[in-house]
Amino acid sequence: MLKAVVLAPVLGLALIGMVSDAGAQTVRPKPNPVLIAAPAPVETAPEAGEEEDAEAPLTASEATGTPPASLPLGPPAPRPAPVAAPAPRDPNKGAVTNLPLPRYVSLKSSEGNARRGPGLSHRIDWVFTRVGMPLKVTAEHGHWRRVEDAEGLGGWVHYALLSGVRSVMVADEMATFYSRADTASLEAFKAERGVVARVITCKDGWCRVSVDTQRGWTPVSSLWGVTADEVID
């Protein structure tokens, strides 16, 4: 005769077995399988001549699918060579002619308009009317020269009205001219203030000039239109 026997639960499972009176056969519950973690694979270096199968790690842009912000297209462009700053202009030389400033010239014609600015559109402030009179150049701009006379009057004059021929004006009330550059030499002639004379030569603080047909030497201090240490041949 067979009986139904309820076995105690094993590992949380209820199993029903069949037992005969003879007790010759017993059905035992199967044990639960135990999961055993597989050992981690051991990495070995590839043999010589064998390519490595492992893939390189992904970059940040590959992992996210976002292209990099910029890619180098080649070596950086060379930096331009620094440009040297222009040398400062010498204030003692003209911006146009590069001749000394101030310097002396003479009026080429019997009339020269001195304007308020360097151009025909500027108003005429003064008119020079003595041909050959000495003038002092104090500035340059294009074809124009700023000049002044012995009294400091003047303005901007076109360069075509001026000459490089040197002349002087008697600055003393009465200047004495000598036959040699020596006050002990013979007196050649006298000239009053304002007389214009053409320069022949100047050296050692003396100038030899001509007035009409007369020639003579006089100290530079008696003349306007030449500097004290100037040499004119």
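In case you missed it, the structure is sitting above this.
What you see is a predicted model; the values in this text were computed from it and never measured.

Chemist: How do you make sense of the packing of aromatic side chains when you look at a structure like this?
Modeler: Two aromatic rings are characterised by how far apart their centres lie and by the angle between their planes. For the coordinates displayed, the defined rule picks out 3 aromatic pairs. Seen in terms of ring centroids, Phe-177 and Phe-189 are 4.5 Å apart; in terms of plane orientation they differ by 10°. Their pairing is stacked. One end of the pair, Phe-177, is in strand β11 (residues 174-178); the other, Phe-189, is in strand β12 (residues 187-192), and 12 residues separate them in sequence. Comparing Phe-177 with Phe-189 shows no difference in burial state: the two are buried. Judged by centre distance (6.2 Å) and plane angle (70°), the rings of Tyr-178 and Trp-206 are edge-to-face. With Tyr-178 in strand β11 and Trp-206 in strand β14 (residues 206-211), this pair connects stretches of sequence that are 28 residues apart.

Chemist: Help me out: how do you make sense of the pattern of salt bridges in this one?
Modeler: In a structure, side chains of opposite charge can pair up when their charged atoms sit close to one another. Taken as a whole and judged by the stated rule, the model has 6 salt bridges. For Asp-125, the salt bridge identified is with Arg-116, shortest N-O distance 3.1 Å. The exposure class assigned to Asp-125 is partly exposed, which follows from its relative accessible area of 33%. Asp-125 is the salt-bridge partner of Arg-123, the closest N and O atoms lying 3.5 Å from each other.

Chemist: What is the right way to look at the nonpolar core in this model?
Modeler: Within the largest apolar cluster, 16 residues are counted, with the highest numbers of intra-cluster contacts made by Val-168, Phe-177, Cys-202, Cys-207, Val-209, Leu-223 and Val-226. Other than its neighbours up to four places away in sequence, Leu-223 contacts Val-168, Met-169, Val-170, Ala-171, Phe-177, Cys-207, Val-209 and Thr-218. The next biggest cluster of nonpolar side chains, apart from the first, holds 11 residues, and it includes Ala-114, Phe-128, Val-137 and Val-147.

Chemist: Would you mind showing me how to read the pairing of strand β7 (residues 144-148) here?
Modeler: Both faces of the sheet carry side chains from a regular strand, because those side chains alternate between them. Relative to β7, strand β6 (residues 134-141) runs antiparallel, the two being bridged by 5 bridges. Bridge assignment links Lys-136 to a residue of β7, and that residue is Glu-148. Hairpin connection of β6 to β7: 2 residues between the antiparallel strands, including Gly-142 at a positive phi of 60°. Note that β7 and strand β8 (residues 154-158) share 5 bridges and pair antiparallel. For Glu-148, the partnering residue across the bridge sits in β8 and is Gly-154. The loop that links β7 with its antiparallel partner β8 comprises 5 residues; one of these, Gly-152, has a positive phi angle of about 85°.

Chemist: How should I be thinking about the state of the cysteines in this particular structure?
Modeler: Simply put, disulfide is the name for a covalent bond between the sulfur atoms of two cysteines. If you walk through the whole model with that rule in mind, you get 1 disulfide. Disulfide pairing places Cys-202 opposite Cys-207 at an S-S distance of 1.9 Å. An S-S torsion of about 110° defines the bridge between Cys-202 and Cys-207 as right-handed. Each of the two residues, Cys-202 as well as Cys-207, counts as buried.

Chemist: Looking at this structure, I do not really get the environment of Gly-154. What am I missing?
Modeler: Relative to the helices and strands, Gly-154 resides in strand β8. On the accessibility criterion, Gly-154 (30% relative accessible area) is partly exposed. Residues Gly-154 and Ile-124, spaced 30 residues apart in sequence, show a C-alpha to C-alpha distance of 9.8 Å. Contact partners of Gly-154, with chain neighbours within four places excluded, come to Ala-114, Phe-128, Val-147 and Glu-148.

Chemist: What's the story with the pairing of strand β15 (residues 214-219) in this structure? I'm lost.
Modeler: By the bridge criterion, 6 bridges tie β14 to β15 in an arrangement that is antiparallel. Within β15, the residue paired with Ser-210 across the bridge is Arg-215.

Chemist: Is there a simple way to think about the environment of Trp-156 in this case?
Modeler: Along the polypeptide, Trp-156 turns up in strand β8. By relative accessible area, Trp-156 is classed as buried at 11%. Expressed as a C-alpha distance, the spacing of Trp-156 and Asp-125, which sit 31 residues apart in the sequence, is 9.2 Å. What Trp-156 contacts, discounting residues up to four positions off in sequence, is Asn-113, Ala-114, Arg-115, Arg-116, Gly-117, Pro-118, Ala-139, Glu-140, His-141, Trp-144, Arg-145 and Arg-146.

Chemist: Got a minute to help me understand the side chain of Ser-185 in this structure?
Modeler: One can find Ser-185 in the loop between β11 and β12. A polar contact is formed between the side chain of Ser-185 and the backbone oxygen of Arg-180, at a distance of 3.3 Å. Leaving out residues up to four positions away in the same chain, Ser-185 has contacts with Tyr-178, Ser-179 and Arg-180.

Scoring rules and cut-offs
- Residues numbered from 1 in each chain as written.
- Predicted model: local features only at pLDDT ≥ 70, side-chain atom pairs only at ≥ 80, totals over all residues.
- Heavy atoms only, no water.
- Phe/Tyr/Trp six-rings, centres within 6.5 Å; stacked < 30°, edge-to-face > 60°.
- Helix = DSSP H or I, 4+ residues; strand = E, 2+ residues; numbered from the N terminus.
- Buried < 20%, exposed > 50% of the residue type's maximum accessible area, 1.4 Å probe, protein only.
- Salt bridge = Lys/Arg side-chain N within 4 Å of Asp/Glu carboxyl O.
- Core = buried A, V, L, I, M, F, W, Y, C linked by side-chain atoms within 4.5 Å.
- Contact = heavy atoms within 4.5 Å.
- Pairing = 2+ DSSP bridges.
- Disulfide = S-S within 2.5 Å.
- Polar contact = N/O pair within 3.5 Å; in protein donor to acceptor, adjacent residues only side chain to side chain.

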